[in-house]
Amino acid sequence: MVNTAACTESRLEELIDTYDKLIFSICYKLTGDYFISEDLMQETFLAAFQKYDTFDGANEKAWICRIATNKSIDYLRSASSRSVPTEDSFFELAAEQRGSPEEICLEEEIMEQLKKRCGELKPPYDEVARAYYLEELTPKEIAARHKKSVKTIQTQIYRARQMLKKAYGKFR
């Protein structure tokens, strides 16, 4: 039994000496990360060592390349669920999504003006305009809320839009 283990260990050394660069390059091409590729290469050889007694010996190179590919794919699948943004990257992303302070201020001012103009419309156009433009509801959602047909709400949105255009024209 000890003899078989020693034979398998020497075979593992041969595998590593023969395929280490190939396995690393496969892992690196799939992940694009040098350090992750080194870890995946080690995992590949460990898996090959553990399963070597079940290997049929047909095509050793293809077998070990398949293990490396599967390890890399498994890593990539799980990497997205493991990624946690750092504080810096989180706030940078949040800032990019919101825009500059001037853009934020301008957007808030525009929304305040829109809210005011919607409030100046006659019923039912005021409610429909607020729901559509400020709450960003779909005509179907507004129709369900007001218990009206979608076509009626679409017509009211169209008319509210025309009234808002007219109101903004007078404002300018």
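The structure reproduced in this document is the subject of the present report. (Residues numbered from 1 in each chain as written. Predicted model: local features only at pLDDT ≥ 70, side-chain atom pairs only at ≥ 80, totals over all residues. Heavy atoms only, no water.)

Some details on the pattern of salt bridges
Under the convention used in this document: Salt bridges are defined by distance alone: a side-chain nitrogen of Lys or Arg within 4 Å of a carboxyl oxygen of Asp or Glu. Relative accessibility decides the category of a residue: with a 1.4 Å probe and only protein chains considered, values under 20% of the type maximum give buried, values over 50% give exposed, and everything between is partly exposed. Helix and strand definitions here come from DSSP, where helices need a minimum of 4 consecutive H or I residues and strands a minimum of 2 consecutive E residues; each element is numbered from the N-terminal end.
For the structure on display, the rule yields 3 salt bridges. Residues Arg117 and Glu120 are paired through a salt bridge, measuring 3.4 Å at the closest nitrogen-oxygen approach. Judged by its relative accessible area of 48%, Glu120 falls in the partly exposed class. Two residues, Glu135 and Arg145, come together in a salt bridge whose shortest N-O distance is 2.8 Å. Here Glu135 is found in the loop between α6 (125-134) and α7 (139-146), whereas its partner Arg145 is found in helix α7, with 10 residues between them in sequence. Taking the relative accessible area as the measure of exposure, Arg145 reaches 44% and is therefore partly exposed.

A closer look at the nonpolar core
Generally speaking, nonpolar side chains in soluble globular proteins are found buried as a group. Heads up, the condition is: Only buried residues count toward a nonpolar core. Its members are Ala, Val, Leu, Ile, Met, Phe, Trp, Tyr and Cys residues joined through side-chain atoms within 4.5 Å. Contact criterion: two residues are considered in contact whenever any of their non-hydrogen atoms come within 4.5 Å of each other.
Residues Leu15, Tyr19, Ile23, Phe45, Ala48, Trp63 and Ile64 are the most contacted members of the largest nonpolar core, which totals 19 residues. If you list the elements that add at least two residues to this core, you get α1 (2-31), α2 (34-51) and α3 (60-82). Broken down by element, the residue count for this core peaks at 7 residues, all from α1. Discounting chain neighbours no more than four positions away, the residues touching Phe45 are Leu12, Leu15, Ile16, Tyr19, Asp20, Ile23 and Ile64.

Some remarks on the side chain of Thr31
In plain terms, the rule: Distance and chemistry together define a polar contact, namely a pair of N or O atoms within 3.5 Å, with one atom able to donate a hydrogen and the other to accept it when in protein, and with adjacent residues in sequence counting only for side-chain atoms on both sides.
Examined against the element boundaries, Thr31 turns out to sit in helix α1. At 3.3 Å, the side chain of Thr31 forms a polar contact with the backbone nitrogen of Asp33. A distance of 3.1 Å separates a polar atom in the side chain of Thr31 from a polar atom in the side chain of Ser37. If sequence neighbours within four positions are ignored, Thr31 has contacts with Ile36, Ser37, Leu40, Ser72, Tyr75 and Leu76.

Some points on the packing of aromatic side chains
Quick reminder of the rule: Side-chain rings of Phe, Tyr and Trp, where Trp is taken by its six-membered ring, are said to pair if the distance between their centres is within 6.5 Å; with planes under 30 degrees apart they count as stacked, over 60 as edge-to-face, and otherwise as tilted.
A complete count under the given rule lists 5 aromatic pairs for this structure. Ring plane angle 15° and centroid distance 6.0 Å describe the contact between Phe24 and Tyr28, whose orientation is recorded as stacked. Note that Phe24 and Tyr28 are positioned in helix α1 at a spacing of 4 residues, about one turn of the helix. Between Tyr132 and Tyr133, the aromatic rings sit 5.0 Å apart at their centres with planes inclined by 85°, giving edge-to-face as the arrangement. On the basis of relative accessible area, Tyr132 is assigned to the partly exposed category, the value being 27%. The class of Tyr133 is partly exposed, set by a relative accessible area of 21%.

Description of unusual backbone geometry
Residue Pro124 follows Pro123 across a cis peptide bond; omega there is 0°. By the element assignment, Pro124 lies in the loop between α5 (101-119) and α6. Phi is positive for Glu136, close to 60°, though the residue is something other than glycine. The residue Glu136 is located in the loop between α6 and α7 in this model. Given a relative accessible area of 65%, Glu136 falls into the exposed group.

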